[in-house]
Amino acid sequence: MKELEGKLIVSCQADASDAFYGFMDRFAKAALAGGAGGIRANGVRDVRAIRSAVNLPMIGIEKVLHSDGAILITPNFESAQALVEAGADMIALDCTKRGQQYGALERLARIKAELQVPVLADIATIEEAQAAAQAGADAVLSTMRGYTAGTAHALRFDPTFIEDLVRAVSIPVIAEGRVDRPELARQAIEAGAFAVVVGSAITRPHLITRLFADAVEAAFASRKTWILGIDLGGTNTKSGLVSNRGELLWDETVPTPARAGRAGLLKHLEDVALRGLARGHEAQAIGIATAGWVDPRNGHVVYATENLPGWTGTRIAETIEKATGKPVFVENDANALAVGEKLFGAARDFDDFVCITLGTGVGGGCFVGGRLNHGAHFFANAFGHMCIEPGGRACSCGQNGCLEAYTNVAAMLDYAANRYANAVDLIAAANAGEPTAIAAIHKFAARLAAGCTLMIQLLDPEALILAGGLAQNNPLLISSLNRELSLRVPVWAQRNLKILTSSTGYHAGVLGAAAIVL
Ligand SMILES: [Zn+2]
């Protein structure tokens, strides 16, 4: 016991699943070479092998699966006897409450008396330590702290527990359990420990490897990378350089040559991409969000309306990859916007949400169970074309009464009898208290609520996120929509549905385009 004072004890243990099983004598030699003052070893075989390899004081234990289904340390006198015969200088045994139920304190006294070796008590609490000291233990070890039902909360080595033990018992206190850094070993000694036992952090190479591998992988995953995001709209094409953390380094907006046909549009995209790449800060990939439905697996346009004539069937990804030499990912613009909100914006904390874009058209993207919903043929989320008024206003899709016909820019201006030149003016007027503008937004909100009620009934989302020009700087729309939905949606109070404005704002399209790459 005296030889252990102020020393490091290395616990050399490995079970049959460990690559070093059967090589504990080698670890003991290495421990000796490194300055260890003692060894803790499990089982007669390892104790015998270590004894023939090194001449250090050795604590022997025998881990046995007990009939209650859990491991018990040195559960009977015979195992202690065999360990001493194999070369153990002292014996440790489980003296927790559970161990005591199986006779640990009586066994402790018997081992001491009959085998004439020091006996050490593995404990988890002060009370257990005191009981063991009372029964004649030569030292207590904090080994079981964190591993018993009553101490499962103790997930880290805590030097204050060692201090408390030192105050509570007059026998030596040896710190053991989750001492996985030299700093913690030092703290244990400063707290009054007689010696410190370190195991896994020295003798389990796979656990040591895991620490380093996790650190390397986490640092690599969070290293800053850049993506060129391009949002091809019917009117404008926005692009920008976005980091994997959602920072926008620069952005530009140029008109889209919407009537140029497939070849003209692809040339336009190529120009935007090459110009963006030429601005430096090496982008690793390009994300393109485009109007129309897209198969994101191959970056082809499945279908586009006459807003972009000739765009249906275009193989965007291959063409831009060939022109730029960068990996290219393509997605529908409303879907991309939803991904942008999920990664960088208002939807970060949601797994089930609907993102609705309100502009010249009405579109959307939705996440169901943490995944972007595409539908079977990539036509999902056409919220703008849900019918809210059978036989109502004619829609761009050829049907009547679609949500889009009642909740796009033209509809909002119409609700104010076209007294405002554009939506920005109308929203500013409403914010300034002009009754006509306010009434128009209320009417708009009531129409939007009719469509949102259908989505909520179908999807039961955590949040609705309003994006696009009509949602910007428009708090009245949010409050009015909230009120309208509370009147229409069944069990509204229990849903705790949040109605939010897109937080990626004007750059939502570019951020979304970059987000699809991530
Ligand atoms: Zn329609």
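One can find the structure itself at the top, above this paragraph.
Each value, and the rule that gives it
- Residues numbered from 1 in each chain as written.
- Predicted model: local features only at pLDDT ≥ 70, side-chain atom pairs only at ≥ 80, totals over all residues.
- Heavy atoms only, no water.
- Helix = DSSP H or I, 4+ residues; strand = E, 2+ residues; numbered from the N terminus.
- Buried < 20%, exposed > 50% of the residue type's maximum accessible area, 1.4 Å probe, protein only.
- Contact = heavy atoms within 4.5 Å.
- Pairing = 2+ DSSP bridges.
- Donors = N, O, S within 2.8 Å, 3.2 Å for Na, K, Ca; no water.
- Tetrahedral: all angles 85-135°; square planar, octahedral: opposite > 155°, others 65-115°.

(A) Broad picture of the environment of Ala 139. In this fold, Ala 139 is placed in strand β8 (residues 139-141). Judged by relative accessible area, Ala 139 falls into the buried class, the value being 0%. C-alpha of Ala 139 to C-alpha of Leu 165: the two residues are 26 residues apart in sequence and 11 Å apart in space. Dropping the residues within four chain positions of it, Ala 139 is found in contact with Met 1, Val 119, Leu 120, Ala 121, Ile 171, Pro 172 and Ile 174.

(B) Summary view of the pairing of strand β12 (residues 236-243). The buried count for β12 comes to 7 of 8 residues, which makes it a mostly enclosed element. Of the pairings in the sheet, the one linking strand β11 (residues 226-232) to β12 comprises 7 bridges and is antiparallel in character. Looking at the pairing, Leu 228 lines up with Leu 241 of β12. Between β11 and β12, which pair antiparallel one after the other, the connecting turn spans 3 residues.

(C) Focus on the coordination of the zinc ion. Protein-derived ligands of the zinc ion are His 385 (ND1), Cys 395 (SG), Cys 397 (SG) and Cys 402 (SG), with the metal-ligand distances lying across 2.0 to 2.3 Å. Because the angles between the 4 donor atoms bound to the zinc ion fall within 102 to 126°, the donor set is best described as tetrahedral. Going along the chain, you hit the donors of the zinc ion in the pattern H-x9-C-x1-C-x4-C. In this pair, His 385 is assigned in the loop between β20 (371-372) and α14 (403-407) and Cys 402 in the loop between β20 and α14, connecting sequence segments 17 residues apart.

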